[in-house]
Amino acid sequence: MSDIKKIKDEFFLKLKEDLNLNQINEIKNDLFGKNGLVSSQFKKLGSVAEEERKKFASELNTVKDELQNKLVKKIQEIESKEINQKLEKEKLDITLPERPFFKGKIHPVSQAIDEISSIFSEIGFSVEEGPDIENEYNNFTALNTPDNHPARDMHDTFYLDNKKELLLRTHTSPVQIRTMLKEKPPFKIIAPGRTYRSDSDQTHAPMFHQVEGLHIDKNINMGHLKGCLDYFIKEFFEIDKIKMRFRPSHFPFTEPSAEVDIGYEIKDGKIVIGEGDKWLEILGCGMVHPNVLKNVKIDTKKYQGYAFGIGIDRLAMLKYGINDLRAFFDCDYRWLNHFGFDPLDVPTNYRGLSR
Ligand code: PHE
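This report concerns the structure included in the present document. (Residues numbered from 1 in each chain as written. Predicted model: local features only at pLDDT ≥ 70, side-chain atom pairs only at ≥ 80, totals over all residues. Heavy atoms only, no water.)

**What to know about the environment of Ala151**
One can find Ala151 in the loop between helix 6 (136-139) and strand 3 (166-168). Between the alpha carbons of Ala151 and Phe140 there is a distance of 8.8 Å; along the sequence they are 11 residues apart. Apart from residues no more than four positions distant in its own chain, Ala151 is found in contact with Phe140, Asp156 and Thr157. (Helix = DSSP H or I, 4+ residues; strand = E, 2+ residues; numbered from the N terminus. Contact = heavy atoms within 4.5 Å.)

Here it is, written out as structure tokens:
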């Protein structure tokens, strides 16, 4: 019997045994590995006499195919046997009670941030983010805040070290600095996020949220600022008319500076935004101070612009009718269930932008 035939018979017999996948791999290697039996036969081809060679080659190829097919079949057999064994062992008890299903709610602050971001994105603002832990330079110095400014006081700011170099940012304005240092003008960004001040009562929490706005370009003026805020407030509160008042104010990083109030009245115990003779402060703003632009190496002869900082929590309280700011951060599920938003309910003024 030729060697080839012997190999075939021997391995056909072997493959009849009860084998596992490891053993199959060993057999594969014995036959077709670098020095495998079949591989060695192929190497012999050159030394076979010419008149024999054709027959030898065709016999070898046939046996090779047969062995390979057999191996594939055997592997399939083993795999389906394993699956069947598993199916027999594992049972699904469909009489068991189902697991409770809790549907999460979106926190009103997250909802407000999503709505604010989508409204501003509609008029060309992109969203930037910065860290909650800031350095003194980005939070104060670069923003033209003098050393003796009361905001720098320990009573107001949470410092993280004795040298007063690291702190929890007191506003989102340092994101202006980070953005302007990172890229070249023009800038048209908003920066929503957490801010921290040492303050706590019904309308103040030590951690709260702001959204910063910054628009720097050639020929940007106060008119653009007013137009932008007017648009935003109407969109956010979903009203056609808004009473808005710019009150002269002071921020070290803007000149001129203003605080903005919106008109409201109480009707049947509810706040109605946009009408009435009462005023509510919702944001600070102004034209970016030239010193700030110089600190980030922007040519003040070419570029100027406005900035604003809006209190997000207060906007959310007004829009969704929530009257205690502290409840926002109590992590009470009952509260969240009541005031939270269904993740699948798309708000009317939502434009598909996600943070
Ligand atoms: N950073 C200011 C604050 O926290 C708000 C503000 C931002 C004012 C930008 C002017 C320009 O009160």
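**What about the pattern of salt bridges?**
Applying the stated criterion to the full structure yields 24 salt bridges. Put simply, Arg178 and Glu134 hold a salt bridge, and the shortest N to O gap is 2.5 Å. Of the two residues, Arg178 sits in helix 7 (residues 174-182) while Glu134 sits in strand 2 (residues 133-135), which places them 44 residues apart along the sequence. On the basis of relative accessibility, which here comes to 32%, the residue Arg178 falls in the partly exposed class. (Salt bridge = Lys/Arg side-chain N within 4 Å of Asp/Glu carboxyl O. Buried < 20%, exposed > 50% of the residue type's maximum accessible area, 1.4 Å probe, protein only.)

**Quick notes on the site of the ligand**
Near the ligand, the surroundings consist of 13 residues, among which His171, Ser173, Arg197, Gln210 and Gly309 are the closest. One of the side-chain nitrogen or oxygen atoms of His171 is found 2.9 Å away from a nitrogen atom of the ligand. Between the ligand and Arg197 there is a distance of 2.8 Å, counted from an oxygen atom to a side-chain nitrogen or oxygen. Starting from 330 Å² of accessible surface for the ligand in isolation, the protein chains cover 91%. Across the shell around the ligand, the residue classes break down as 5 nonpolar, 6 polar and 2 charged. (Near = heavy atom within 4 Å. Polar contact = N/O pair within 3.5 Å; in protein donor to acceptor, adjacent residues only side chain to side chain. Areas by Shrake-Rupley, 256 points an atom, 1.4 Å probe, with all protein chains shown as cover. Nonpolar A, V, L, I, M, F, W, Y, C, P; charged D, E, K, R; others polar.)

**Observations concerning helix 2 (residues 21-32)**
Helix length check: helix 2, at 12 residues, gives a terminal C-alpha distance of 16 Å against a target of 16 Å (1.5 Å per residue), a fit within 8%. For helix 2, the set of buried residues is Ile24, Ile27 and Leu31. Looking down the long axis of helix 2, one finds its buried residues gathered within 60° of arc, a one-sided arrangement. Residues Asn22 and Glu26 are exposed on helix 2 and point more than 90 degrees away from its buried face. Looking at the packing, one finds that the buried side of helix 2 touches helix 1 (3-14), helix 3 (37-44) and helix 4 (50-89). The residue sitting at the N-terminus of helix 2 and contributing the capping side-chain oxygen is Asn20; that oxygen lies 3.1 Å from the backbone nitrogen of Asn22. (Expected span 1.5 Å × (residues − 1). Arc of directions from axis to C-beta.)

**Regarding the side chain of Ser39**
With respect to the secondary-structure elements, Ser39 resides in helix 3. Here the side chain of Ser39 touches Phe32 through a polar contact of 3.3 Å, landing on its backbone oxygen. Contact partners of Ser39, with chain neighbours within four places excluded, come to Leu31, Phe32, Gly33 and Lys34.

**Topic: the side chain of Arg169**
Mapping Arg169 onto the fold places it in the loop between strand 3 and helix 7. Of the polar contacts made by the side chain of Arg169, one reaches the backbone oxygen of Gly130; its length is 3.4 Å. Excluding residues within four positions of it along the chain, Arg169 makes contact with Gly130, Pro131, Asp132, Glu134, Asn139, Pro174, Val175, Gly193, Arg194, Thr195 and Tyr196.

**Comments concerning the nonpolar core**
Phe120, Phe232, Ile262 and Phe308 are the most contacted members of the largest nonpolar core, which totals 44 residues. For this core, the secondary-structure elements that each account for two or more residues are helix 5 (108-122), helix 8 (222-237), strand 7 (254-267), strand 9 (278-288), strand 10 (304-311), helix 10 (312-320) and helix 11 (333-339). The element best represented in this core is helix 8, accounting for 7 residues. Ignoring sequence-local partners within four residues, the contact set of Ile262 consists of Ile233, Phe237, Ile242, Lys243, Met244, Ile273, Lys278, Trp279, Leu280, Ile282 and Leu318. By size, the runner-up hydrophobic cluster in this structure holds 17 residues, among which are Val38, Val48, Phe56 and Ile75. (Core = buried A, V, L, I, M, F, W, Y, C linked by side-chain atoms within 4.5 Å.)

**Focus: the pairing of strand 7**
Looking at chain direction, strand 6 (residues 244-251) and strand 7 are connected through 7 bridges and run antiparallel. Residue Ser249 lies in a different strand from strand 7, and its bridge partner there is Ser257. Direction of pairing for strand 7 relative to strand 9: antiparallel, over a ladder of 9 bridges. When the bridges of strand 9 are listed, Tyr264 appears paired with Lys278. Alignment of strand 7 against strand 8 (residues 270-273), held across 4 bridges, turns out to be antiparallel. Across the sheet, residue Ile266 finds its bridge partner in strand 8, namely Ile271. Joining the antiparallel neighbours strand 7 and strand 8 is a turn of 2 residues, in which Asp268 adopts a positive phi near 50°. (Pairing = 2+ DSSP bridges.)

**Some details on the state of the cysteines**
For the structure shown, the criterion picks out 0 disulfides. Between Cys228, a cysteine without a disulfide, and Cys285, which holds the nearest cysteine sulfur, the sulfur-to-sulfur distance is 9.8 Å. (Disulfide = S-S within 2.5 Å.)

**Points about the packing of aromatic side chains**
All told, the structure shown has 11 aromatic pairs when counted by the stated rule. Relative to Phe329, the ring of Phe328 lies with its centre 5.8 Å away and its plane at 40°, an arrangement referred to as tilted. The class of Phe329 is partly exposed, set by a relative accessible area of 25%. Clustering of aromatic rings is evident, with ring pairs tying together Phe120, Phe125, Phe232, Phe236, Phe237, Tyr306 and Phe308. Taking the ring centre of Phe246 as reference, the NZ or CZ of Lys226 above it sits at 5.1 Å. The lysine or arginine in question, Lys319, covers the ring of Phe236, its NZ or CZ lying 4.7 Å from the ring centre. (Phe/Tyr/Trp six-rings, centres within 6.5 Å; stacked < 30°, edge-to-face > 60°. Lys NZ or Arg CZ within 6 Å of the ring centre and 35° of its normal.)

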